[in-house]
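Structure at a glance
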Protein chains: 2
Amino acid sequence: MSAAPVWSVDPRSGNPREQVAVEATAEEVDRAVRAAHSVRGALADRTARAAFLRTAAELLEESGPHIIEAADAETALGPARLTGELARTAAQLRDFAEAVEEGAYLDIRIDHEDGSRTPPRPDLRRWKIPLGTVAVYAASNFPLAFSVPGGDTASALAAGCPVVVKAHPGHPATSELCASVLRRAAARTGLPEDVVTLVHGFDAGVGLIRHPLVSAAGFTGSVRGGRALFDAAAARPVPIPFHGELGSLNPVVVTRAAAAGRAGEIGAGLGASMTLGVGQFCTKPGFVLAPVGDAGDRLVKALTETVSSTGSGVMLDHRMRDAFLTGVRERAELPDVEAPVTPGAGSDHTVSAGFLTVPASRLTADGPHDALLEECFGPVTVIARYGSGDEAAAVLARLPGNLTATVQTATEGEDPEAAGLLAALTPLAGRILVNGWPTGVAVAPAQHHGGPYPATTSPTTSVGATAIERWLRPVTYQNTPDALLPPELREANPLGLPRRVG
Amino acid sequence: MSAAPVWSVDPRSGNPREQVAVEATAEEVDRAVRAAHSVRGALADRTARAAFLRTAAELLEESGPHIIEAADAETALGPARLTGELARTAAQLRDFAEAVEEGAYLDIRIDHEDGSRTPPRPDLRRWKIPLGTVAVYAASNFPLAFSVPGGDTASALAAGCPVVVKAHPGHPATSELCASVLRRAAARTGLPEDVVTLVHGFDAGVGLIRHPLVSAAGFTGSVRGGRALFDAAAARPVPIPFHGELGSLNPVVVTRAAAAGRAGEIGAGLGASMTLGVGQFCTKPGFVLAPVGDAGDRLVKALTETVSSTGSGVMLDHRMRDAFLTGVRERAELPDVEAPVTPGAGSDHTVSAGFLTVPASRLTADGPHDALLEECFGPVTVIARYGSGDEAAAVLARLPGNLTATVQTATEGEDPEAAGLLAALTPLAGRILVNGWPTGVAVAPAQHHGGPYPATTSPTTSVGATAIERWLRPVTYQNTPDALLPPELREANPLGLPRRVG
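Residues numbered from 1 in each chain as written. Chains lettered and ligands numbered in written order. Predicted model: local features only at pLDDT ≥ 70, side-chain atom pairs only at ≥ 80, totals over all residues. Heavy atoms only, no water.

By the naming in an unreviewed UniProt entry, chain A goes by 2,5-dioxovalerate dehydrogenase and is assigned to Kitasatospora albolonga.

Below is the structure:
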């Protein structure tokens, strides 16, 4: 059997651009994992890791034009968006370099010996060490920030874990370019290139999660693909942590007062957010509870105007385009569902944005309308019109887990519904927004990008400083002579790290 | 079908003592979960939770004599040990009360709005909220500290999660008593009693892990039972975190210099540690690498003396006694395995301690001797005699994950093997000891009681302050007006909590 070719494809035409690689065989996956695993010791030095991450950021920026050109050619995301994404990806690498140097993530706790206690307490010194080799499954919709050089890779390397990336088939050329940047950055900082290796192919992805030397995995993608890998991770003889971001509806609730006061602004803002990047954000607001009546009607009207005037766009690939069109068609055919703007297919490989409306009463109990409570990837959202607060609450109680949940409230005077809605939304999501839109995930220490299943498969984040926690495990040293301790735990604190001492 | 009775049994005679309950039917499990889940809101107040935990400690001590009598009657652990365990359990409840009040576990991070960044950063405020209702599977070997009122329950309640405990069949009367203490403590502090509910029975345990309103689980027990529940937790439509402590060999390596200098002391210390509590500690040193030659022989001699002079003991129940005797017999029959002191059955429901020896060369590759690398619950350990450092390293590389790993080094002058062994042991365990014995797990902020699978199913601890982290998930509020924020996140920090602000 000859190796299956991996093609870079132009989504604007559906035509293959170039063959960039071949799919990895089982032996090649094994080689990629062993190569990464065998150099893990080189990542033990925090100073070297920080330098490596900074160099990676620098080389990524140096190769920026080249990478952006390739990424645009195979994702159609456009140079403006990709320029921003590259800057974000570089900034993310630098943020983790800083976190590694600062060392708070080591969560060092020291309890001195205390013979006066019953039972006597020994000397205990706890910190966190890298879990081992990490498998990263790259996302389709962020060819940089959530792919080869993205947050999973950056946080795992920051933790001291070598990384084997499973490239996304939607942007294999970009993946190869970025992997080579990371490997060059390693070499330039005196680390082995194999701290990052890359494989292509569906079977390679399955082989990776089952490999005995893989200690943890990060994933961004669909519920179907993510759940299959989650299941495989759990079924291993030695199960491993699987941190997957699978899918999210990102509900928005518009209070009656908000609709009354800001129907136009909310409709326009929603239209902009749900069509951003051709609706291909994991934080796209995909489900909106808006009141019945005049104010809600005005919101729908404003949304209609914004969405109608949004140009058509090219989705990441034709498979996603087909899934979007099918998903929209199936939902639009449900009883009582209307499409003020029908999302649809352009003649030129594009899709046009649209949205559906449904009475919220259709969603308060199990039924075929539950399809409206599932994410539909692409430029479409669902407006559920509610008659009463109780009806809205009944629908909220039936929603699956989400990355985000948003409430639009009155901005002048007090909104009597705001506090209750915030309390109702908090159990549903990992990030709660008031009077904002969920697309756009700031990279910041306080960020949380994760949420109840299926948003993520574990209560962790893939964005922000705490993303590093996913790739570490605590170890405590008991009554260990100072000379045998890692410098981080020695009594004199020679590295000046933040520690909790008792 | 009539309800299956739950009997308290005297392990000293094998005779039933009294019927204390019946096994919960599927409906009763559902009722117990819904009862706990429905009162979760009452646990939202941190001050009330802290008061509840302190009152629980107090009532536990008040009922101490009664509880200890019941626990001794059904576990044969003896009043002295159980008195200590009760004190530890009460102290643990108070430690978590303190942690709840101090609030560092909330891991609050605040990033202020920063319009100067590209893209502009919104106001982000992150903290951790309770995961939901927690299922706790009680352990056999710690009827208090790892059972109904133990660390899993205490840490889950501290996190703000109601708890449904699945009682261990080995001490159902103690479980009932302790559950009633916790429920009384709740009532006395103005909380609903159902913040803790209790179920009995194997099927109830399976039903619990599958219940849609259970959000996480803690478990201490066997690899077989724990893995079955882990698998069920992962297979749910909505998978949940399963924090299980399953099994651990707790390897000890004795360097040549240590054996030369302290053979007698090490043999005696090992004998005391491995027979403590009739060898029923999860941290029992179950596998020891000791050098061949004269010094190692003296260690074996000292161990022989200590173990021979250890009185026989009653194990927790007859099923465990049978498993111990079978496990020892199977291991002792392997080629080249000797038993300087043969562990065995007393005529009076007791077992006597013993140990096995084997050349380390038998353990450097797959084979039937791998049975010696599996935990055998009860008063037995395995001494593998190594000829060279390489041989010892080859065996270490084949060990499964552990709660602890210990090195015995020279205490006078430098031990040339110490640093290398510490590096080799660290990947194997969650707690590393130098010149100590792993039995006895101090309750302290820097403690870590967990380790690579099968020691635990997740990189978390069930002992110490950080055990609370298992029952929380982060939530970030974006651009949320101060009045709508929980007080913990408000700008003025009205509760004076530790926060990282950027």
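After presenting the structure, the write-up continues.
Counting its secondary structure elements, chain A contains 13 helices and 21 strands. In terms of overall size, chain A behaves like a compact globule, its C-alpha atoms giving a radius of gyration of 24 Å where 502 residues would be expected to give roughly 23 Å. Taking the principal axes of the C-alpha coordinates as reference, chain A spans close to 75 × 65 × 40 Å. Put simply, chain A has 502 residues, and 61% of those count as buried. Pairs at least 24 residues apart make up 77% of the contacts formed inside chain A by residues separated by at least 6 positions. Accessible surface for chain A amounts to roughly 17700 Å². Of this, 54% is attributable to carbon and sulfur atoms. Computed over 43 positive and 55 negative side-chain charges, the separation of the two mean positions in chain A equals 4 Å. (Helix = DSSP H or I, 4+ residues; strand = E, 2+ residues; numbered from the N terminus. Rg over C-alpha atoms; globule rule 2.2 N^0.38 Å. Buried < 20%, exposed > 50% of the residue type's maximum accessible area, 1.4 Å probe, protein only. Contact = heavy atoms within 4.5 Å. Areas by Shrake-Rupley, 256 points an atom, 1.4 Å probe, with all protein chains shown as cover. Lys, Arg positive; Asp, Glu negative; His and termini not counted. Charge placed at Lys NZ, Arg CZ, Asp CG, Glu CD.)

Glancing now at the domain arrangement of chain A. Residue and element names in this part refer to chain A. Domain annotation of chain A identifies domain 1 (23-110 + 120-246 + 457-489) and domain 2 (251-434). Using only C-alpha atoms to locate each centre, domain 1 and domain 2 end up separated by 34 Å. Counting residues at the interface gives 11 residues for domain 1, matched by 10 residues for domain 2. Of all residues in domain 1, Ser140, Asn141 and Glu245 give up the largest surface area on contact with domain 2, accounting jointly for 42% of the area buried on that side. For the pair domain 1 and domain 2, the number of links is 0 salt bridges. Our count for the domain 1 to domain 2 interface comes out at 1 residue pair in polar contact (both at pLDDT 80 or more). In the side of domain 1 that touches domain 2, the residues fall into 4 nonpolar, 4 polar and 3 charged. (Domains from an automatic or database assignment. Buried area = accessible area lost by both parts, 1.4 Å probe. Salt bridge = Lys/Arg side-chain N within 4 Å of Asp/Glu carboxyl O. Polar contact = N/O pair within 3.5 Å; in protein donor to acceptor, adjacent residues only side chain to side chain. Nonpolar A, V, L, I, M, F, W, Y, C, P; charged D, E, K, R; others polar.)

What follows deals with the pairing of strand β18 (residues 402-408) of chain B. Residues and elements named next belong to chain B. Within β18, 7 of the 7 residues are buried, which leaves the element mostly enclosed by the surrounding structure. The pairing of strand β10 (residues 251-254) with β18 spans 3 bridges and is classified as parallel. The residue of β18 that forms the bridge with valine 252 is threonine 406. Of the strand pairs in this sheet, β18 and strand β19 (residues 429-434) are connected by 5 bridges, and their pairing is parallel. Looking at the pairing, threonine 406 lines up with leucine 433 of β19. What joins β18 to β19 is helix α13 (residues 418-425), and the crossover it makes is right-handed. (Pairing = 2+ DSSP bridges. Right-handed = clockwise from strand over helix to strand, strands pointing away.)

Among the nonpolar cores identified, the biggest contains 200 residues, and Phe52, Phe287 and Leu289 of chain A together with Phe52, Phe287 and Leu289 of chain B are the most heavily contacted of them. For phenylalanine 287 of chain B, the contacting residues outside a window of four places in its chain are Leu249, Asn250, Pro251, Val252, Leu363, Leu372, Leu373, Thr381, Val382, Ala384, Val395 and Leu399 of chain B. Residues Ala36, Ala135, Phe219 and Leu229 of chain A belong to the second largest nonpolar core, which totals 48 residues. (Core = buried A, V, L, I, M, F, W, Y, C linked by side-chain atoms within 4.5 Å.)

All chains considered together, the criterion is met by 10 aromatic pairs over all chains. Residues tyrosine 137 of chain B and phenylalanine 219 of chain B carry aromatic rings whose centres are separated by 6.1 Å and whose planes lie at 55 degrees to one another, so their mutual orientation is tilted. One end of the pair, tyrosine 137 of chain B, is in strand β5 (residues 133-137); the other, phenylalanine 219 of chain B, is in strand β8 (residues 214-220), with 82 residues separating them in the sequence. The burial state of tyrosine 137 of chain B is the same as that of phenylalanine 219 of chain B; both residues are buried. Taken together, the ring pairs connect Tyr137, Phe219, Phe230 and Phe242 of chain A into an aromatic cluster. Taking NZ or CZ as reference, arginine 81 of chain B lies 4.4 Å from the ring centre of phenylalanine 142 of chain B, over its face. (Phe/Tyr/Trp six-rings, centres within 6.5 Å; stacked < 30°, edge-to-face > 60°. Lys NZ or Arg CZ within 6 Å of the ring centre and 35° of its normal.)

Attention now moves to the sheet that holds strand β12 (residues 313-314) of chain A. All names here are of chain A. One open sheet accounts for 3 strands, arranged β12-β15-β14; its pairing is antiparallel. Edge positions in the open sheet fall to β12 and β14 (344-345), since each of these has one partner strand only. Direction of pairing for β12 relative to strand β15 (residues 350-352): antiparallel, over a ladder of 2 bridges. Counted as the bridge partner of glycine 313 is valine 351 from β15.

Under the criterion given, the structure shown has 51 salt bridges over all chains. With its nearest N and O atoms 2.8 Å apart, the salt bridge here joins glutamate 61 of chain B to arginine 94 of chain B. Here glutamate 61 of chain B, found in helix α2 (residues 46-62), pairs with arginine 94 of chain B, found in helix α4 (residues 79-102); they are 33 residues apart in sequence, far enough to count as distant. For arginine 94 of chain B, a relative accessible area of 29% translates into the label partly exposed. What you see here is one network of salt bridges that share partners, running through Asp107, Arg109 and Arg126 of chain A.

Residues and elements named next belong to chain A. Within the fold, glutamate 85 resides in helix α4 (residues 79-102). Polar side-chain contacts of glutamate 85 include one of 2.8 Å to the backbone nitrogen of alanine 145. Ignoring sequence-local partners within four residues, the contact set of glutamate 85 consists of Phe142, Pro143, Leu144 and Ala145.

Before going further, it helps to examine the UniProt feature "domain: Aldehyde dehydrogenase" (unreviewed entry) in chain A. The sites that UniProt annotates as "domain: Aldehyde dehydrogenase" (unreviewed entry) are residues 8-444 of chain A. Regarding residues 8-444 of chain A, the helix share stands at 41% and the strand share at 21%, and the terminal C-alpha atoms are separated by 33 Å. (UniProt positions renumbered as here; feature names shortened; annotations may be inferred.)

Further remarks concern the side chain of threonine 174 of chain A. Residues and elements named next belong to chain A. For threonine 174, the location among the structural elements is in helix α6 (residues 172-188). You can call threonine 174 buried: its relative accessible area is 0%. Discounting chain neighbours no more than four positions away, the residues touching threonine 174 are Ile67, Ala70, Ala71, Glu74, Pro143 and Leu144.

Across the boundary between the two partners, chain A contributes 58 residues, which contact 58 residues of chain B. Summed over both partners, the interface of chain A with chain B comes to about 4500 Å²; 59% of that surface belongs to carbon and sulfur atoms. Ranking the residues of chain A by area buried against chain B places Ala446, Arg473 and Gln478 of chain A at the top, with a combined share of 12%. Between the two partners, chain A and chain B, sit 2 salt bridges. Elements with a contribution of two residues or more to the side of chain A that touches chain B: β3 (108-111), β4 (124-130), α8 (223-235), α13 (418-425), β19 (429-434) and β20 (472-478) of chain A. Broken down by element, the residue count for the side of chain A that touches chain B peaks at 7 residues, all from β20 of chain A. Split by residue class, the side of chain A that touches chain B holds 35 nonpolar, 9 polar and 14 charged. Pairing geometry for β20 of chain A and β19 of chain B, over 3 bridges, is parallel. Looking across to β19 of chain B, one finds that threonine 476 of chain A is bridged to arginine 431 of chain B.

This part is about unusual backbone geometry. The linkage connecting tyrosine 453 of chain A with the following residue, proline 454 of chain A, adopts the cis geometry, with an omega of 5 degrees. By the element assignment, proline 454 of chain A lies in the loop between β19 and β20. For asparagine 435 of chain A, which is not glycine, the phi torsion reads 55 degrees and is therefore positive. One can find asparagine 435 of chain A in the loop between β19 and β20. Of note in the backbone geometry, asparagine 479 of chain B takes a positive phi value of approximately 50 degrees without being a glycine. Tracing the chain through its elements places asparagine 479 of chain B in the loop between β20 (472-478) and β21 (499-501). A residue is classified by how much of its surface remains accessible, and asparagine 479 of chain B, at 33% relative accessible area, is partly exposed.

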